[in-house]
Amino acid sequence: MRNNKQHTIFLKIRNCLFGGKEGPLVIFLFLLQGILERLESGEVVVGDGGFLVTLEKRGYVKAGLWTPEVVVEHPDAVGQLHMEFLRAGANVMQTFTFSASEEKLESKWKDVNATACDLAREVADKGDALVAGGICQTAIYKQDADEARVKRLFRLQVEVFARKNVDFLIAEYFEHAEEAVWAVEVLKESGKPVAATMCIGPEGDKNDVTPGECAVKLVKAGASIVGVNCRFGPGISLKTMKLMKEGLQAAGLKAHLMVQSLGFHTPDCGKGGFVDLPEYPFGLEPRTATRWDIQKYAREAYNLGVRFIGGCCGFEPYHIRAIAEELAPERGFWPPASDKHGIWGSGLNMHTKPWIRARARREYWENLLPASGRPFCPSLSKPDS
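Rules of the game
Residues numbered from 1 in each chain as written. Predicted model: local features only at pLDDT ≥ 70, side-chain atom pairs only at ≥ 80, totals over all residues. Heavy atoms only, no water. Helix = DSSP H or I, 4+ residues; strand = E, 2+ residues; numbered from the N terminus. Rg over C-alpha atoms; globule rule 2.2 N^0.38 Å. Buried < 20%, exposed > 50% of the residue type's maximum accessible area, 1.4 Å probe, protein only. Contact = heavy atoms within 4.5 Å. Areas by Shrake-Rupley, 256 points an atom, 1.4 Å probe, with all protein chains shown as cover. 1 Å grid on protein atoms, 1.4 Å probe; cavity = no way out; pocket = protein on both sides within 12 Å on 5 of 7 lines; lining within 4 Å. Points joined across faces, edges and corners; volume = space filled by probe spheres on them. Nonpolar A, V, L, I, M, F, W, Y, C, P; charged D, E, K, R; others polar. Expected span 1.5 Å × (residues − 1). Phe/Tyr/Trp six-rings, centres within 6.5 Å; stacked < 30°, edge-to-face > 60°. Lys NZ or Arg CZ within 6 Å of the ring centre and 35° of its normal. Pairing = 2+ DSSP bridges. Axes fitted to C-alpha atoms, helices over the stretch in contact; angles between N-to-C directions. Core = buried A, V, L, I, M, F, W, Y, C linked by side-chain atoms within 4.5 Å. Salt bridge = Lys/Arg side-chain N within 4 Å of Asp/Glu carboxyl O. Right-handed = clockwise from strand over helix to strand, strands pointing away.

Novice: I would appreciate a short explanation of the overall build of the chain in the present structure.
Specialist: A count of helices and strands for the chain gives 18 helices and 8 strands. Taken against the 2.2 N^0.38 rule, which gives 21 Å for 385 residues, the C-alpha radius of gyration of the chain at 21 Å falls within 12% of a compact globule. Along the first, second and third principal axes, the C-alpha atoms of the chain reach 65 × 65 × 50 Å. Across the 385 residues in the chain, those meeting the buried criterion constitute 55%. Partitioning the intrachain contacts of the chain with sequence separation of at least 6 by distance along the chain shows that 75% fall at a separation of at least 24. Looking at the chain as shown, the accessible area adds up to about 17,300 Å², and 52% of this sits on carbon and sulfur atoms.

Rendered as structure tokens:
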């Protein structure tokens, strides 16, 4: 099976050889396409998954501040996770720079940001993938909302991203629209395309700015791609995306849409999302979405008009593979990791037990209601906040 880049080249060369209008120059230019060119052409862009929670489970990240020292302490672990997401079908490698500001990492911040860029680029170059430099909300905003101080922290990280020549920038995980707007304004100074996502649900940000209003503010600040990431599961995240889309339409604005939800089900979350659940962060496994849940999420996101689809905390490589497999007809190829996975359980056809062979069909997995195996567990929790 071809990887993403091989398949793309194959299609372009086939068109050239068999009567298409595309020649070698077009093939070359295609391989140079950035994030906006891909989205504007209608391509489905698959983002990567979660790093913090995944690497905490593997013993490389400490819960609490959730800072990414692992980038310099165990770069092989970070690179391996990037590689797994690439094989699963992701064509954006986001730098593992969440909370990697001077504010959180003091003297380590510069090395962490630079090394994170190098690790993402090394893997991205092995496939048809782009590198996105990422920044997130600050702690000082909540303390005094000093615009100059907040923007200074963003600029320090962006200077590293510019030096490392990342392909585009993402402002992610913002609870307050005002701070997200400041982030977008700083990222726009780089001249690179900017995506902005907020960690909000249908109720809006911490100051009750609605999802639609948040999207409008971000686009007016200069973001070309807007959406949500983290804090909420697939269903709630898509509800929020629908409200963002409606807000942009009502304002007469256009932007590409992006969603990177949790890999956990969170129907019982309050406004703060999964961080307020009593299971956060060490007891979330019973809430993990199945690969089939994520195929549904991918299809619903696509039908909503979202073309940049990925995941955040709880999203493992097999979840990204589920997105890539569900949208393979639209993308025109299967990810390399699908070589070891039969779509909708088709690999079970070779099983020796007939009742397991009977599960090798889409209807079985689409309609399954998974049991938790925990007889005294409630199906929902009450948030602590």
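Novice: I tried to follow empty space enclosed by the protein on my own but got confused; where do I start?
Specialist: Picture a little ball the size of a water molecule; that probe, rolled over the atoms, points out where space is still empty. Tallying each qualifying case throughout the model produces 2 cavities of 30 Å³ or more. Space inside the largest cavity adds up to approximately 50 Å³. Around the largest cavity, the lining residues are Glu175, Cys199, Ile200, Gly204, Asp205, Lys206, Arg231, Lys271 and Gly272. Put simply, the second largest cavity is a space of about 40 Å³. Of the residues forming the lining of the second largest cavity, the biggest block, 3 residues, is contributed by helix α10 (residues 147-163). For the lining of the second largest cavity, the residue count by class is 3 nonpolar, 5 polar and no charged.

Novice: Help me out: how do you make sense of helix α8 (residues 109-124) in this one?
Specialist: Residues that lie three or four places apart on an α-helix share one face, since the helix turns once every 3.6 residues. Here α8 spans 22 Å end to end across 16 residues, near enough to the 22 Å set by a 1.5 Å rise per residue. Among the residues of α8, those classed as buried are Trp109, Val112, Asn113, Ala114, Ala116, Cys117, Leu119, Ala120, Val123 and Ala124. On its buried side, α8 packs onto α5 (70-73), α6 (75-88), β2 (92-94), α7 (102-105), β3 (130-136) and α10.

Novice: Looking at this structure, I do not really get helix α14 (residues 291-304). What am I missing?
Specialist: Over its 14 residues, α14 extends 20 Å from the first C-alpha to the last, a length consistent with the 20 Å expected when each residue adds 1.5 Å. If you check which residues of α14 are buried, you get Trp292, Ile294, Gln295, Tyr297, Ala298, Arg299, Ala301, Tyr302 and Leu304. Close packing links the buried residues of α14 with α13 (234-250), β7 (256-261), β8 (308-311), α15 (317-326), α16 (328-331) and α18 (362-367). One or two steps after α14, the chain reaches Gly305, where phi turns positive at roughly 105°.

Novice: Would you mind going over the packing of aromatic side chains with me for this structure?
Specialist: For any two aromatic rings, the description comes down to two numbers: the centre-to-centre distance and the angle of the planes. Taken as a whole and assessed by the stated rule, the structure comprises 12 aromatic pairs. Relative to Trp182, the ring of Tyr141 lies with its centre 5.5 Å away and its plane at 75°, an arrangement referred to as edge-to-face. Taken together, the positions of Tyr141 in helix α9 (residues 140-144) and Trp182 in helix α11 (residues 177-188) put the pair 41 residues apart, joining distant regions of the chain. Neither residue differs from the other here; Tyr141 and Trp182 are each classed as buried. Taken together through their ring pairs, the aromatic side chains of Trp292, Trp344, Tyr364 and Trp365 make up a single cluster. Its end group placed over the ring of Tyr302, Arg307 keeps NZ or CZ at 3.6 Å from the ring centre.

Novice: Honestly, the sheet that holds strand β5 (residues 194-198) in this entry has me stumped. Any pointers?
Specialist: Pairing between sheet strands relies on hydrogen bonds along the backbone, with the strands arranged either parallel or antiparallel. With parallel pairing, 8 strands are arranged side by side in an open sheet as β1-β8-β7-β6-β5-β4-β3-β2. Unpaired on one side and paired on the other, β1 (45-46) and β2 mark the two borders of the sheet. One ladder, built from 4 bridges, connects β7 with β8; its direction is parallel. In the strand pairing of β8, Val259 is matched with Ile309. Sheet contacts for α13: β6 (225-229) and β7; angle to β7, the most-contacted strand, approximately 160°.

Novice: Help me understand unusual backbone geometry, please; the structure alone is not making it clear to me.
Specialist: Note on backbone geometry: most residues besides glycine have negative phi, and most peptide bonds are trans. At the junction of Tyr280 and Pro281, the peptide bond is cis and its omega measures out at -5° in the coordinates. By secondary structure assignment, the location of Pro281 is in the loop between β7 and α14.

Novice: Can you help me understand the nonpolar core in this one?
Specialist: Note on soluble globular proteins: their nonpolar side chains tend to be buried together. If you look at the biggest cluster of nonpolar residues, it comprises 103 residues, and the most contacted ones within it are Leu55, Met93, Phe96, Leu218, Val259, Phe274 and Ile323. The element that contributes the greatest number of residues to this core is α8, accounting for 9 residues. In terms of nonpolar packing, the next biggest core, distinct from the first, is built from 13 residues, Leu36, Leu39, Val45 and Ala132 among them.

Novice: Is there a simple way to think about the pattern of salt bridges in this case?
Specialist: Side chains that differ in charge, positive against negative, can pair when their charged atoms come close. Applying the stated criterion to the full structure yields 20 salt bridges. Of the charged contacts, one joins Arg38 and Asp128 as a salt bridge, the two residues approaching to 3.0 Å between their closest N and O atoms. Taken as a pair, Arg38 in helix α3 (residues 35-40) and Asp128 in the loop between α8 and β3 lie far apart in primary sequence, 90 residues in all. In this structure, Glu326 and Arg299 form a salt bridge, with 2.8 Å as the shortest nitrogen-oxygen distance. Taken as a pair, Glu326 in helix α15 and Arg299 in helix α14 lie far apart in primary sequence, 27 residues in all. Neither residue differs from the other here; Glu326 and Arg299 are each classed as buried. Salt bridges sharing common partners tie together Lys142, Glu175, Lys206 and Arg231.

Novice: Looking at this structure, I do not really get the pairing of β8. What am I missing?
Specialist: Side-chain direction in a regular strand flips from residue to residue, so the side chains alternate between the two faces of the sheet. The alternating pattern of β8 places Phe308 and Gly310 and Ile309 and Gly311 on opposite faces, both of which are buried. Judged from the 2 bridges that link them, β1 and β8 form a sheet pairing that is parallel. In the sheet register, Val46 faces β8, and the bridge partner there is Ile309. Regarding the hand of the β-α-β motif, the stretch spanning β7, α14 and β8 is right-handed.

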